[in-house]
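One-letter residues, chain by chain:
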Amino acid sequence: MIPSSSDKQAHLNGANPHRATNFLRRASWAVLAGLGSMAAAMWIARYARAHDNQALLADMRLLFQIAFVGTIVLLAVLLRWLSRHAGQLTVLTRRLRTAQSAARLGYWEIDVATGTRFWSVEMYELWGLTPSADGLDAEAIVAAVHPEDRARFRDVIARTRAGLPGVVEQVRVVLPDGMTRVLEAQGRMITTDDGTKLLIGTAQDVTARVELETQLRQSQKMEAVGQLAGGVAHDFNNILTVIEGYGNLLASSGTLSAADRDCVNEILVGSHRGAALTKQLLSFSRRQVVQPRVLDLNDVIADVERMLRRVIGENIEFVTKLESDLAPVLADPGQIEQILINLAVNARDAMPRGGTLTVETANDGAQVVLSVTDTGTGIEPEVLKRIFEPFFTTKRSGKGTGLGLATVQGIVDQMAGECRVLTEVGRGTTFRIHLPAHAGEYDAEPALEGAAGEQPRASGTILVVEDDEAVRTMACTILRRAGYTVREASNGIEGLRSSATITLDLVLTDMVMPGLGGLDLVRALQRIRPGVPAIIMSGYTTDNEALSALANMEDPTIRFLQKPFMPDTLLRTCAAALERVSAATA
């Protein structure tokens, strides 16, 4: 757009303030000169009249007329210039006020000598104060500052008065309605042309920006903690795999005394508790390999109800309200159980004197809602802001890890769902889990071939690829005792080389290994030996692509085995993989 001549003039005047000042100064001197000429002509005319000098009197009359006309013309020009620029000044002032209001930017100044204060309209609005005819009250200004920021606020003012070149500080202001606003104040000391010292500055509402920065820092913190939790869970799962493997071998050996068998069982109980903790860590970090299927939440609740009743205790009534025609969801049943158990434990702790725990399901448009409600103490507003943070807990030491609700949030996010919390202090809390409804048919619950206690068919050659020596040795021991021929490899590349020189019936490989990961190893082997069955073991992976591939695995030749596992689980998984291939080739 091409600016008009008036726009150009306004721009030039705004861009050249010295030019306007020089014009005003010269015009003023010209008017003064005209007025001086008229005064001089009048005085000389009086002298000429007194001495009857008609020629001089005529000259002074002419000079007076010329000076009078010139002064009138100069005044008209000056007034016209002032009128035009006053309009421009009004426009500029209006634009400045509009910009200040839109940016929520206030201006303030303090006369150091007299203490006189000036606040713009925006400053009053930002501070939540009302302009008064008595002027600004310093105590009212300080009283509006958040109690935790008052000492720092006074210190900033003192440092600015001391002559610092400039300060930038954020301060929280509590408004009359109780809301807190974050203001960013900038101030500095200046000395005017007449020697007056002024403390001037601005204040701007940066509440939204600070909230976004806080969310970003929280997101970064959660990501860092998630990576740490996943890494710890990976190493811990390998340790638990070894403990559970050898512990179960001892327990089933038949050579232990009753006392020794009790000791081994206690070791296994501790191992199971550790496995549950690592599962929480993995769910929180979203690094757990899930095996979703189309299921009915009502069935999962029915399966876990007995456990929930044991968890909450006899002093809490357990109630279910289940939608009879509930839409299916695509989820890992183990993760749904984990959500229910974590929320039940949380509800139990909120009802130390008993109460009612209600689990409900309902259809809500394209979503399925799972609700867990307690009649406990409710959640304080300050606590509510942090309940999904990892390791945050209100329980005393030794009574909670702070991972329960963080785990729930991690699982729900992994399923593209949403977790909402409704709470009232003293009245109870409701957690509502919204999950996408699924249009498919219900899947039959997967089961390993061979009932518990049956001896799986033990023949064939299995290649075990695992970089953790203890886990590899334990797995090979279990398989050899069962009668399998076992070949070992400590990494994917070594496993690929070994496969070329042996008769191979099954590959058992870890997911996360240096160099060549388990999934890539299986794909490479199946290109060389099409249809060779594989079992991928893992408790954790940082490879999102591999996670997605395992979660949506449709290849019947590949199975997944979650760490830690028991010997019986390993043997039945291997037997099932071999039997499926045998049936397919028969």
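Relevant structure appears above.
So, on to the overall build of the chain. When helices and strands are counted, the chain shows 17 helices and 17 strands. By residue count, 40% of the 586 residues in the chain fall in the buried class. Taking all contacts inside the chain whose residues are at least 6 apart in sequence as the whole, residues at least 24 apart take part in 69%. Surface exposure of the chain reaches about 32400 Å², of which carbon and sulfur atoms provide 55%.

A separate point is the nonpolar core. By size, the foremost hydrophobic cluster in this structure holds 36 residues, and its most contacted members are Leu297, Ile336, Ile339, Leu340, Leu357, Phe431 and Ile433. When residues of this core are traced back to their parent elements, those giving at least two are α9 (297-312), β7 (316-321), β8 (329-331), α10 (333-350), β9 (355-364), β10 (367-374), α12 (404-414) and β12 (428-436). Those residues in contact with Phe431 that sit more than four places away from it in its chain are Leu343, Asn346, Leu370, Ser371, Val372, Ile379, Ile387, Phe388, Leu405, Cys419, Arg420 and Val421. One finds Cys476, Ala482, Met537 and Leu578 within the second-largest nonpolar core, a separate group that totals 23 residues.

Here strand β3 (residues 167-174) runs beside strand β4 (residues 180-191); their pairing, made up of eight bridges, is antiparallel. Residue Val173 lies in a different strand from β4, and its bridge partner there is Arg181. Counting the residues in the hairpin turn of β3 and β4 gives five residues, including Gly178, whose phi is positive at 95°.

Here the focus is the packing of aromatic side chains. One pass over the full model with this rule turns up two aromatic pairs. Ring centres 6.2 Å apart and planes at 50° place the aromatic pair Tyr107 and Phe118 in the tilted group. In this pair, Tyr107 is assigned in strand β1 (residues 105-111) and Phe118 in strand β2 (residues 117-119), connecting sequence segments eleven residues apart. On the numbers, 5.9 Å between centres and 45° between planes, the contact of Trp127 with Phe153 is tilted. With Trp127 in helix α4 (residues 121-127) and Phe153 in helix α6 (residues 150-161), this residue pair connects regions lying 26 residues apart in the sequence. Phe153 matches Trp127 in its accessibility class, with the two residues each being buried.

What follows concerns α10. For α10, spanning 18 residues, the distance from its first C-alpha to its last is 26 Å, which sits close to the expected 26 Å at 1.5 Å a residue. Inspection of α10 places Pro333, Gly334, Gln335, Ile336, Gln338, Ile339, Leu340, Asn342, Leu343, Ala344, Ala347 and Ala350 among the buried residues, and these make up the whole buried set.

Let us look at the pattern of salt bridges. Applying the stated rule across the entire model yields 17 salt bridges. For Glu424, the salt bridge goes to Arg427, with nearest N and O atoms at 3.8 Å. With a relative accessible area of 44%, Glu424 lands in the partly exposed category. The class for Arg427 is exposed, based on a relative accessible area of 59%. Through salt bridges that share partners, Glu148, Asp149, Arg152, Glu169 and Arg172 make up one connected network.

Taken in spatial order, the five strands make up an open sheet running β7-β9-β10-β12-β11, and their pairing is mixed. Where the open sheet ends on each side, the last strands, each with one partner, are β7 and β11 (418-424). For this sheet, the mean inter-axis angle between neighbouring strands, taken without regard to orientation, is 15°. Inspection of the sheet shows β10 paired to β12 by eight bridges, in the antiparallel sense. Paired with Gln367 across the two strands is Pro436, which belongs to β12. Strands in contact with α9 are β7, β9 and β10; relative to β7, the strand with the most contacts, it is inclined by about 175°. In the packing of α10 onto the sheet, contacts are made with β7, β9, β10 and β12, and the angle to β10 comes to roughly 25°.

Every buried residue of helix α14 (residues 492-499) is accounted for by Gly492, Gly495, Ser498 and Ser499. With its buried residues spanning 120° around the axis, α14 presents them on a single face. The inward-facing, buried residues of α14 abut β13 (461-465), β14 (485-489) and α15 (518-528). A side-chain oxygen of the first residue of α14 lies 3.2 Å from the backbone nitrogen of Ile493; this N-cap is Asn491.

Read across the open sheet, the five strands follow the order β2-β1-β5-β4-β3; overall the sheet is antiparallel. Because the sheet does not close on itself, it has two edges, and the strands there are β2 and β3. On average, each strand axis in the sheet is tilted by 25° relative to the strand beside it, whichever way the strands run. Alignment of β1 against strand β5 (residues 197-205), held across seven bridges, turns out to be antiparallel.

With that out of the way, let us pick up the environment of Tyr246. Relative to the assigned elements, Tyr246 resides in helix α7 (residues 207-251). Under the relative-accessibility criterion, Tyr246 is labelled partly exposed at 31%. Considering only alpha carbons, one finds Tyr246 and Ile478, 232 residues apart in sequence, at a separation of 8.8 Å. Contact partners of Tyr246, with chain neighbours within four places excluded, come to Thr473, Met474 and Thr477.

Right, let's get into the packing of α9 against α10. The geometry of α9 relative to α10 is characterised by a closest axis approach of 10 Å and an angle of 35° between their N-to-C directions. Classified by chirality, the crossing of α10 by α9 is right-handed. Residue-level inspection shows Leu297, Val300, Ile301, Val304, Met307, Leu308, Val311 and Ile312 of α9 in contact with α10, the latter providing Pro333, Ile336, Glu337, Leu340, Ile341, Ala344, Val345 and Arg348. Here the contact of α9 with α10 is built from residues that sort into 14 nonpolar, no polar and two charged.

About the cut-offs
Residues numbered from 1 in each chain as written. Predicted model: local features only at pLDDT ≥ 70, side-chain atom pairs only at ≥ 80, totals over all residues. Heavy atoms only, no water. Helix = DSSP H or I, 4+ residues; strand = E, 2+ residues; numbered from the N terminus. Buried < 20%, exposed > 50% of the residue type's maximum accessible area, 1.4 Å probe, protein only. Contact = heavy atoms within 4.5 Å. Areas by Shrake-Rupley, 256 points an atom, 1.4 Å probe, with all protein chains shown as cover. Core = buried A, V, L, I, M, F, W, Y, C linked by side-chain atoms within 4.5 Å. Pairing = 2+ DSSP bridges. Phe/Tyr/Trp six-rings, centres within 6.5 Å; stacked < 30°, edge-to-face > 60°. Expected span 1.5 Å × (residues − 1). Salt bridge = Lys/Arg side-chain N within 4 Å of Asp/Glu carboxyl O. Axes fitted to C-alpha atoms, helices over the stretch in contact; angles between N-to-C directions. Arc of directions from axis to C-beta. Polar contact = N/O pair within 3.5 Å; in protein donor to acceptor, adjacent residues only side chain to side chain. Left-handed = near helix turned anticlockwise from the far one by under 90°. Nonpolar A, V, L, I, M, F, W, Y, C, P; charged D, E, K, R; others polar.

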